[in-house]
Structure formats: C-alpha cells, structure tokens
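# Observations on the three-dimensional arrangement
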Amino acid sequence: MNNNSPINYLPVRANLRWNRADCTHDEVNLTSTLTCGQTFRWRRQQDGAWLGSIGCQAAALWQPDGCVDHFYWQTFPTADGWDLIAKYLNMGINLRQLQHQWIMAEPLTADVFTQHVGLRLLRQPVEECLYSFQCASCNTVTKIERSVGELARVYGAAAMTPWGNVWLFPTTNSIAHASEAVLRTALWGYRAPRVISLAKIVQERGVGWLNELVDLPYKECHDALTALPGMGAKLADCVCLFCLDKWGAIPVDTHVLQLAQRLWPMKQTGSSLTPRVYAQIGDSYRQRFGAFAGWAQQILFYSELRRSRDRSVAG
DNA sequence: GCTTAACCTGGACGC
DNA sequence: GCGTCCAGGTTAAGC
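Residues numbered from 1 in each chain as written. Chains lettered and ligands numbered in written order. Predicted model: local features only at pLDDT ≥ 70, side-chain atom pairs only at ≥ 80, totals over all residues. Heavy atoms only, no water.

### Structural notes on the overall build of chain A
- For chain A, the helix and strand inventory stands at 15 helices and 7 strands.
- Whereas a compact globule of 315 residues would reach a radius of gyration of roughly 20 Å, chain A reaches 19 Å, a difference of no more than 12%.
- Taken over the C-alpha atoms alone, chain A extends approximately 60 × 45 × 45 Å along its principal axes.
- Counting every position in chain A, which comprises 315 residues, the buried fraction comes to 52%.
- Taking contacts inside chain A between residues at least 6 apart in sequence as the whole, the part at least 24 apart equals 66%.
- Computed over 30 positive and 26 negative side-chain charges, the inter-centroid distance for chain A is 6 Å. (Helix = DSSP H or I, 4+ residues; strand = E, 2+ residues; numbered from the N terminus. Rg over C-alpha atoms; globule rule 2.2 N^0.38 Å. Buried < 20%, exposed > 50% of the residue type's maximum accessible area, 1.4 Å probe, protein only. Contact = heavy atoms within 4.5 Å. Lys, Arg positive; Asp, Glu negative; His and termini not counted. Charge placed at Lys NZ, Arg CZ, Asp CG, Glu CD.)

Right under this line is the structure:
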C-alpha cells in the first residue's frame, strides 16, 4: 500500500479511542497542512493516520481522503488534549472567508486558493521551529525531514502511541549539549555547530525569552530573532509566522521570489535576494493580501513547491 | 548596497 | 560508474 492510496476507514488500534472534530467554518486539509513545508516531522502511517508530536505530547490525526470539514484525533500520553490540537491547527480562523478576500484582491491566484482549501498555518512550539529551520539552508525538504528526524531520534524523549514510539522534539538544553560529530553524521553538515551555538544562547537567556517574543510587535520580534547567530531574515520570518502569530510575516525564499516575479513583475527586483528585494517581495504580498498575507503566502508557496516537484519528476 | 564564495551532503542527471 | 549540479540560507569580505 502506498501513501497516496485512498484510505477511508478509521484506523483501528488497541486501546485507541478517536475523538471527532467538526470544522464547518475552519476547514482543515491534514495532508496539505502537514506537508506544505512549515513542519518536517509528521509521518503518514500505512493505515492513513498522521503521527507526530506537539511539544511534550505525541498526537495522531486522521481524516478521510478528500474531506475538509472534520477529522479525528488523539493525544499521548495525556489523552483528549483538544486544546493542544486546536491551538496547533489555529482552529477558529475562518479560512474560507480569508480565501474569498484573497481571491477578490488578487484574481490571478484564484486557481491556487480553490485547489488548496483547508491548508492551514500551524502554530508550532517555538523551539522546534527555530532549530528545525536552521537545517534549511542550501538543503532539500526531503533531507531536512531526515536531519530533523534524526535529531529527535537521538536527543528527543519517546512517547508511546498505539503505532509505537514517537520521538518528541529535543529541548533547548538537549541540543545545547548535543555532539557536533553526531549531528554531522545525522546529515546536519556545516549546520551542526550553528544549531548547537544557537541553543546555547537560548539556554543562557532562558526558553521563556523565546516564548515572550509573541507579545512584541512584528518588527521588534523580527529584529530580536535576526540578532541571533545563524538567523537571517528568512528564518526569522518563518519563526514569526509559524509560531509567534505574526501573520503578516513573509519568509521569502527562492520559490517565493520566483512566484512573485512571475505573478507581479517588479521593475526594481533582480534575480538576487538582496535585503532590498527581500523587503519589496514581502511588501508586495502584504499590500495584496493584508494582515493574513503570511497565510496566503504559505498556500502559494505550497503550490509552487508542488509545481517544482512535478517539473523534476516530469524531467 | 550589491556580489561572491564558503559551508556539507545526497539525489538527480548526463555521459 | 563517475563527475557535476543543485537545494527553502547565512555570513563575511571585497568592490
């Protein structure tokens, strides 16, 4: 059975009791949401369940193929952690209404938004996002997934689930004490010393410092993050957008740059992603899509990522 | 303020 | 089988 097969029977596991979540006004497409490049550690099991972790809990999610108005969930080891799931999936944000506004504002993107209904932005634990994206530089999504998975397997704690152990993301303390040699063998390469140094600095300031960034305005939050070693504008925007509720943040990478240049050619922008071009691209998204521009950007990014994958498969 | 090179590594691709 | 290129970036040096 491959992972693309339609699986429309709720997985049955010993001692597992699924909870159902109805989401009439805040649709969810689990597959696109968990594979759109904002997180790297959710794995689809053979029975169709998605298995991953959120902070210090493991979680299982399941949804019939093609369905976006409900899904099933459970958490481990503490069962029935709906608050955790709801916060993680940003339930309460009316995505359909947003997409309607985006299409009205930018009809060129209508096809993309109607193809990807239910792709939601996650609200991830800051530590996982901060350290995972350290691995993204000059890398492929497949290799980032492997590297981050190895980091968790070696330095994370295990949580038991009916599918077996799930490795929780390591704490700042664990990463600060990690071995550079071990991380290098886990495909982190030259990024290994960077992530360890970053963890040491966060450890000195206290992890609370990271979480308190959510209270700052976007600009101050971004400046605080880019002041950290190894954190450029793009990674800081990833953390702002995926963890700290800065929904107007636009992480501009090669894909986002190409997409913007194709959709909205700008006289000034060159092919290099200089700070000026970076700011121009971000502004062009915010002008079109408003306060939730980061949500719109993620859907457009996912579409561009799939386009680029399809091109490479087609040769 | 812009460009360039260095930093790791494995998969894809051409030969 | 082998060589080359490229991939969600950051940083520092040189111009």
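### A closer look at the packing of helix α6 (residues 141–155) against helix α8 (residues 180–188)
- Close contact between α6 and α8 brings their axes to 8 Å; oriented N to C, the two are set at 145 degrees. Mapping the contact onto sequence places Arg146, Ser147, Val148, Glu150, Leu151, Val154 and Tyr155 in α6 and Val182, Leu183, Ala186, Leu187 and Trp188 in α8. (Axes fitted to C-alpha atoms, helices over the stretch in contact; angles between N-to-C directions.)

### Description of the protein's contact with DNA strand C
- For DNA strand C, the set of nearby residues contains 22 residues, the closest of which are Gly37, Ser137, Cys138, Gly230 and Gly232.
- A breakdown of the atoms of DNA strand C within 4 Å of the protein gives sugar and phosphate a share of 56%.
- Separating a base nitrogen of DNA strand C from a side-chain N or O atom of Asp253 is a distance of 3.1 Å.
- Separating a phosphate oxygen of DNA strand C from a side-chain N or O atom of His255 is a distance of 3.2 Å.
- Among the elements of the structure, α12 (233–243) and α13 (254–263) are those that each provide at least two residues to the surface near DNA strand C.
- No other element matches the 3 residues that α12 contributes to the surface near DNA strand C.
- Classifying every residue of the surface near DNA strand C by side-chain character gives 11 nonpolar, 8 polar and 3 charged. (Near = heavy atom within 4 Å. Polar contact = N/O pair within 3.5 Å; in protein donor to acceptor, adjacent residues only side chain to side chain. Nonpolar A, V, L, I, M, F, W, Y, C, P; charged D, E, K, R; others polar.)

### So, the packing of α13 against helix α14 (residues 275–289)
- Across the interface, α13 lies against α14 with an axial gap of 11 Å and an inter-helix angle of 65 degrees. Crossing handedness for the pair α13 and α14: left-handed. Residues Val256, Leu257, Leu259 and Ala260 of α13 form the contact with α14, whose own contacting residues are Val277, Ile281 and Tyr285.
- Taken together, the residues of the contact of α13 with α14 break down into 7 nonpolar, no polar and no charged. (Left-handed = near helix turned anticlockwise from the far one by under 90°.)

### Here we look at the domain arrangement of chain A
- What the domain assignment reports for chain A is domain 1 (2–100), domain 2 (126–243) and domain 3 (254–314).
- Each partner contributes to the roughly 700 Å² buried at the junction of domain 1 and domain 3, and carbon and sulfur atoms together form 75% of this total.
- Of all residues in domain 1, the largest losses of buried area upon contact with domain 3 belong to Cys36, Ile93 and Leu98, amounting jointly to 50% of the total for that side.
- Scanning the region where domain 1 abuts domain 3 turns up 1 residue pair in polar contact (both at pLDDT 80 or more).
- Those elements that place two or more of their residues in the side of domain 1 that touches domain 3 are α1 (30–35) and α3 (95–105).
- Top element by residues in the side of domain 1 that touches domain 3 is α3. It accounts for 3 residues.
- When the residues that make up the side of domain 1 that touches domain 3 are grouped by side-chain class, the tally is 4 nonpolar, 6 polar and no charged. (Domains from an automatic or database assignment. Buried area = accessible area lost by both parts, 1.4 Å probe.)

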